[in-house]
Amino acid sequence: MIDSLYDWESGADINYFHNQISDFLAHYRFKSIASREYLNVFSPNNVYSPATSCEGITPLNENNKAG
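Just so it is clear, the structure is predicted and the values come from calculations on it, not from any experiment.

**Q** Whenever I open this one, the overall build of the protein confuses me. Can you help?
**A** Each helix and strand counted, the protein has three helices and two strands in total. Going from N to C terminus, the protein has its helices and strands arranged as β-α-α-β-α. Burial analysis of the protein (67 residues in total) assigns 22% to the buried set. Summarising the internal contacts of the protein: among those between residues at least 6 apart in sequence, 58% fall at separations of at least 24. Looking at the protein as shown, the accessible area adds up to about 5,300 Å², and 51% of this sits on carbon and sulfur atoms.

Here's what the structure looks like:
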């Protein structure tokens, strides 16, 4: 399984990376944020905190919108 957020965060060319590993990959894990300024929302200090902030997290598609 590949966590796509970390590939994007690294600055890697996502399409090139996918083409290189696709034969070995069964699953992607997607996390969606509004912009790079919100990368800290998935840091361990935030994820495991009782006062977790979800600011910047966005739905992957229209069907995932809360409300």
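**Q** I'm lost on the nonpolar core in this one. Help?
**A** The nonpolar side chains of a soluble globular protein tend to be buried, and buried together. By size, the foremost hydrophobic cluster in this structure holds six residues: Leu5, Ile33, Tyr38, Leu39, Val41 and Phe42. With sequence-adjacent residues up to four places away left out, Leu39 is seen in contact with Leu5, Trp8, Glu9 and Ile33.

**Q** Please explain the side chain of Ser32 as it appears in this structure.
**A** Looking at where Ser32 falls in the secondary structure, it is placed in the loop between strand E2 (28–29) and helix H3 (44–47). Given the relative accessible area of 18%, Ser32 is considered buried. For Ser32, the residues in contact, after removing those within four places along its chain, are Gly56, Ile57, Thr58, Pro59 and Leu60.

**Q** It is not clear to me how the environment of His18 should be interpreted in this structure. Could you clarify?
**A** Position of His18 relative to the elements: it lies in helix H2 (residues 14–21). In this structure, the C-alpha to C-alpha distance between His18 and Ile2, residues 16 residues apart in sequence, is 9.7 Å.

**Q** Quick question: what am I supposed to make of the confidence of the model for the protein here?
**A** Regions with low pLDDT carry predicted coordinates that are not meant to be interpreted in detail. Of all residues in the protein, 90% attain a pLDDT of 70 or more, and the chain-wide mean is 80. When pLDDT is averaged over each helix and strand of the protein, the minimum, 72, is found for strand E1 (residues 2–3) and the maximum, 86, for H2.

The rules behind these values
- Residues numbered from 1 in each chain as written.
- Predicted model: local features only at pLDDT ≥ 70, side-chain atom pairs only at ≥ 80, totals over all residues.
- Heavy atoms only, no water.
- Helix = DSSP H or I, 4+ residues; strand = E, 2+ residues; numbered from the N terminus.
- Buried < 20%, exposed > 50% of the residue type's maximum accessible area, 1.4 Å probe, protein only.
- Contact = heavy atoms within 4.5 Å.
- Areas by Shrake-Rupley, 256 points an atom, 1.4 Å probe, with all protein chains shown as cover.
- Core = buried A, V, L, I, M, F, W, Y, C linked by side-chain atoms within 4.5 Å.
- pLDDT = per-residue confidence, 0-100.

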